[in-house]
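# Chain and residue survey
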Amino acid sequence: MLKKQKYSGVSDAMKVHGFFRLQIVEDIDGKPTVIGDSGWQENTVVNDGFDQYICRSIGGMSGSKTVSHMALGTGTAPGVTATTLDGEITDAASSRKAVTASTVASKTLQLTAAFNSADSFITAAKTIQNVGLFQQSNTNTATILAGQTYTTSALATNQSVNASYQLRFS
């Protein structure tokens, strides 16, 4: 017969918190200069993000997804049931950028991307205000993992955006 165990008060709960930071960079006198910085902002991990990117990936299940690209947009923050990024920038095939993944202190996944003006990811000035993570490069397709809005920023075609995204596990 199995013995009933008492709750020991030890917590083994796992939490995921997402954060992002965007910096708008412009060449001034031949030097890249940060002219706008969102600071670290908390984000929303959507329901399908938890299911397809985290739960299914850990379980090695069919339908699991891996983050490979980041997108910028002009719309609102994704709600928990969102599957896309509102107002995603789709000016060019290169509007989504591939991410470089690394870990920080064993509990943080860090993803970085560079939206370089030389890539012509925008063809006209935009007022950007949201960001999201996806599993493919094609704009307006795929399922979003996480995203959020921030204070609007004017972005000109001669400016670049350096983006960092962290998923912190605790």
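Definitions and limits used
- The residue numbers shown here count from 1 along each chain, following its written sequence.
- Restriction of local features to residues with pLDDT of at least 70 applies here, the model being predicted, together with a cutoff of 80 or more for giving and counting side-chain atom pairs; totals for whole chains, interfaces and linings are based on all residues.
- Only hydrogens and water are set aside when side-chain values are computed; all heavy atoms of the structure are taken into account.
- Accessibility here uses a 1.4 Å probe with only protein chains present; expressed as a share of the type maximum, an area under 20% marks a residue as buried, one over 50% as exposed, and anything in between as partly exposed.
- Going along the chain from the N terminus, every DSSP run of H or I of four or more residues is numbered as a helix, and every run of E of two or more is numbered as a strand.
- Here the rule is simple: two strands pair whenever DSSP picks up at least two bridges between them.
- The span you would expect from a helix comes to 1.5 Å times its residue count less one.
- For this quantity, the arc is that covered by the directions from the helix axis to the C-beta atoms.
- Note on contacts: a residue pair is in contact if any heavy atoms of the two residues lie within 4.5 Å.

### What about the pairing of strand E7 (residues 100–104)?
When you tally the buried positions in E7, you get 0 out of 5 residues, a small fraction of the element. The pairing of E7 with strand E8 (residues 108–115) spans 5 bridges and is antiparallel. Residue Thr-100 lies in a different strand from E8, and its bridge partner there is Thr-112. Hairpin connection, E7 to E8: the antiparallel pair is bridged by 3 residues, and Ala-105 has positive phi, about 55°.

### Re helix H1 (residues 47–58)
Its 12 residues place the ends of H1 16 Å apart at the C-alpha level, agreeing with the 16 Å of an ideal helix rising 1.5 Å per residue. Taken residue by residue, H1 has Gly-49, Gln-52, Tyr-53 and Ile-54 as its buried positions. The arc that holds every buried residue of H1, seen down its axis, measures 150°, which confines them to one face. On the buried face of H1, the contacting elements are strand E1 (16–28), strand E4 (44–45) and strand E9 (126–134). Within two residues after H1, Gly-60 carries a phi angle of roughly 60°, on the positive side.

### Let's talk about unusual backbone geometry
We note that Ser-106 has phi near 65°; this positive angle belongs to a residue other than glycine. Along the chain, the position of Ser-106 falls in the loop between E7 and E8. One non-glycine residue, Asn-140, lies in positive phi territory at about 60°. On the accessibility criterion, Asn-140 (48% relative accessible area) is partly exposed.

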